[in-house]
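Per-entry structural report
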Amino acid sequence: MKKIILLVAVIWMSTTIHSQKQQVFSIIPQPVSIVPGTGVFTLPSKISIITGKDKNLIKIQQLLSTQISSATGKQVINVAADKTASSKSISLFIVSDNTIAKEGYRLKVTTTGISLTANEPAGIFYGVQTLLQLFPKEIESKSAVRGNTNWAIPVVTIEDHPRFGWRGLMLDVSRHFFTVAQVKDYIDQMVKYKFNLLHLHLTDDQGWRLQIKSLPRLTEVGAWRVERTGTFGTLSKPQPGEKATYGGFYTQEDIKELVKYAADRYVNILPEIDVPGHNLAALASYPELSCTPGEYYVSPGDRFMIWPGGGQHFYGTLDNTICPANEYAYEFLDKVFTEVAQLFPFGYIHMGGDETARNFWEKSEQIKALMQKEKLKDLDEVQSYFVKRVEKIINSKGKKMIGWDEILDGGLAPNAAVMSWRGMKGGIEAAKQGHEVVMSPTDFAYIDYMQGDGVIEPPVYATLRLKKAYQFDPAPEGIDVSLVKGGQANLWTEQVYNMRHAQYMTWPRGFAIAEALWSPKAKRDPIAIGWNDFATRVEKHFERLDAAQVKYAPSMYDAIVEVSKKDTATIIVKLSTEIEGLSIHYSFDNSFPDNFYPAYREPLTMPRDAAAMKLITYRNNKPIGRMMVLPITELRKRAGIK
Ligand code: ACM
């Protein structure tokens, strides 16, 4: 009996210690190793940050000291010294230590000081991000926090390095334009979670956003469209004589500034010039790029593309493609990529290649002549011919080419890397052919999708919940892991009109993607257990985002609704939640439910004459989710009842 009591006590203590640890160390992405100690380091009234003379480290030192002094109001002194020595200080030093992996770091907090070491500045930068997450959440404040925050940091040793080297977020700046200041802000947020790549989708039907000096009309014309607000794909076309007033573009000076800002934060910028499809903005500027020259306009989000579904190719009612049979197209692209290569130091250029509507090519005499001349048997091969020529141009500028997985169709260009978005299969296939791969599948990494139920989220055609994003593994079974460079989440902005909403769409799913890309696989397995721990940390980071005044989606607190039918006309509703510990309360009588209303326990039968179901989640007797209203018409539709 005594033994049993002892065993129970040991289990109780170890789970308590475990949960205390989790409470103290809510780090995202989860580090490789955390060894907690006892006690805390409390920031003195005057803090020294010590580093040597390495100018990269001095930049990191300045970033850290600015953040500490702005949030704490304390005096921070940057010291250049060869050795850490002084107590009550934070030291940042490059060492030569083969136990620290690439981009990795070792962070030691003791009661007398903090020491951060790495083999390279990037490691120090990531260590600083971890260190900031050990501070109280108020460190995220942009101005000095009033009141008496206890600036205590728990004693700990953390050793860490990333699982993948390509940890990206894609921001579509074509569908909606984001200013240089906004993009810098986005970079500031992403680096907190150790992302190191910002993919800018710079061109599309809705706007060309990059100054190309040799092709001035691209931004004089292509960067501007008539202004519309509403649902993408249903917006009205430009009216006769209507002025194009919405838009903007980055000058080459803007890009240099952004590239430098990103580089100072260990972020590469990957530029995407999407060809041959998605090109109304370029065609409005230079119609001669098309197989069907004529009048073109920059699309405000009107419906000019039809998706027939069932795996068939979609087609345009307007030709939005650059013509592969047109030599001028290659001269144009040579000019574009010459300037792009000069502006962006990153080793890769993205050429898009996705979703090319080819119905106009089918009827083009020019394309027919090209097929005969080059012995191309179908339009896949025509597109592949185009992609291969684009690759030659990009390679001639000293860059590697990457494209969306459609570039596999008709045969991959010899040196191309593939960004797999239509699931992982394109990536797996490309790796089988020996090509580099970046994974960004819709099923886990499309953060333009809704993160919860369409009755409460701004409508988009698909859903990707946080819990699903958390299950992302960029290196699935059966793939040569050495060819997987990493992965990224993609934020398409057809429905994202402003930066606040871009933040809402990015966080918290960006946390899940960051963790999938950085943290060891073993730490995340089994996913079911990892999820609960992750969700707890997410909540801690919501508090940090609040302090930083960054918007995020609270969707993980809302109910999940599954609707089916019994017999032919009875609606059955099954409810669940994404995270544990919530109760769901409901009404069928049109009133607003609260925690005095029935709590959901088992599938519900919709009363015969009810007009709507209303739902809300509670935790500890406080509302936590948002009120959801499902009208009977919506429930019937979901149940398949006419
Ligand atoms: C894509 O989402 N069309 C790459």
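Computed from a predicted structure; not experimentally measured.

Core analysis: the largest hydrophobic core is formed by 180 residues, its most contacted members being I68, L134, W208, L210, F332 and F337. Apart from the residues within four sequence positions on either side, L134 is in contact with F25, I27, L107, V109, A152, I153, P154, V156 and I158. Counting 21 residues, the second-largest nonpolar core is a separate cluster that includes V563, V573, I584 and Y600.

The share of residues in the chain with pLDDT of 70 or more is 95%, and the mean pLDDT across the chain is 94. By mean pLDDT, helix α1 (residues 2-24) is the weakest element of the chain at 45, and strand β9 (residues 197-201) is the strongest at 99. Note that pLDDT drops below 50 for residues 1-23; the model gives that stretch 3 contacts with residues more than four away or on any other chain.

Pairing is possible between side chains of opposite charge, provided their charged atoms come close. One pass over the structure, following the stated rule, counts 35 salt bridges. A salt bridge links K256 to E253, with the nearest nitrogen and oxygen atoms 3.1 Å apart. Linking K256 with E253, this pair stays in helix α6 (residues 252-263), spanning 3 residues, or about one helical turn. Its relative accessible area of 44% is what places K256 among the partly exposed residues. One salt bridge in this structure joins D405 and R422, with 2.5 Å as the shortest N-O distance. Of the two residues, D405 sits in the loop between β18 (400-404) and β19 (417-420) while R422 sits in the loop between β19 and α12 (425-432), which places them 17 residues apart along the sequence. Of the residues examined, D405 reaches a relative accessible area of 2% and is grouped as buried. Salt bridges here are not isolated pairs; linked through shared partners, they connect D172, R175, D204 and E494.

Below, the discussion takes up the packing of aromatic side chains. The description of an aromatic ring pair uses the distance of the two centres, along with the angle that the planes make with each other. Following the criterion strictly, the structure yields 27 aromatic pairs and no others. On the numbers, 4.9 Å between centres and 45 degrees between planes, the contact of F177 with Y250 is tilted. Of the two residues, F177 is situated in the loop between β8 (166-172) and α4 (180-191) and Y250 in the loop between β13 (246-247) and α6; the sequence distance between them amounts to 73 residues. Both residues of the pair, F177 and Y250, count as buried. Chaining the aromatic ring pairs together yields one cluster made of W404, W421, Y446, Y449, Y461 and W492. One cation-aromatic arrangement involves K194 over W518; the distance from NZ or CZ to the ring centre is 5.5 Å. The ring of Y330 carries R389 above its face, with NZ or CZ at 3.7 Å from the centroid.

Right, let's get into the sheet that holds strand β3 (residues 75-80). Strand order in this open sheet of 7 strands is β1-β7-β5-β6-β4-β2-β3, and the pairing throughout is mixed. Two strands close off the open sheet at either side, each with one partner strand: β1 (33-42) and β3. Taken pair by pair, the neighbouring strands of this sheet meet at an average axis angle of 15 degrees, ignoring direction. Here 5 bridges tie strand β5 (residues 105-109) to strand β7 (residues 152-160), and the two strands are oriented antiparallel to one another. Residue pairing across strands places R106 opposite E159, the latter belonging to β7. Docked against the sheet, helix α2 (residues 55-72) engages β2 (46-51), β3 and β4 (89-94), running at close to 165 degrees with respect to β2.

Thresholds, definitions, all that
- Residues numbered from 1 in each chain as written.
- Predicted model: local features only at pLDDT ≥ 70, side-chain atom pairs only at ≥ 80, totals over all residues.
- Heavy atoms only, no water.
- Core = buried A, V, L, I, M, F, W, Y, C linked by side-chain atoms within 4.5 Å.
- Buried < 20%, exposed > 50% of the residue type's maximum accessible area, 1.4 Å probe, protein only.
- Contact = heavy atoms within 4.5 Å.
- pLDDT = per-residue confidence, 0-100.
- Helix = DSSP H or I, 4+ residues; strand = E, 2+ residues; numbered from the N terminus.
- Salt bridge = Lys/Arg side-chain N within 4 Å of Asp/Glu carboxyl O.
- Phe/Tyr/Trp six-rings, centres within 6.5 Å; stacked < 30°, edge-to-face > 60°.
- Lys NZ or Arg CZ within 6 Å of the ring centre and 35° of its normal.
- Pairing = 2+ DSSP bridges.
- Axes fitted to C-alpha atoms, helices over the stretch in contact; angles between N-to-C directions.

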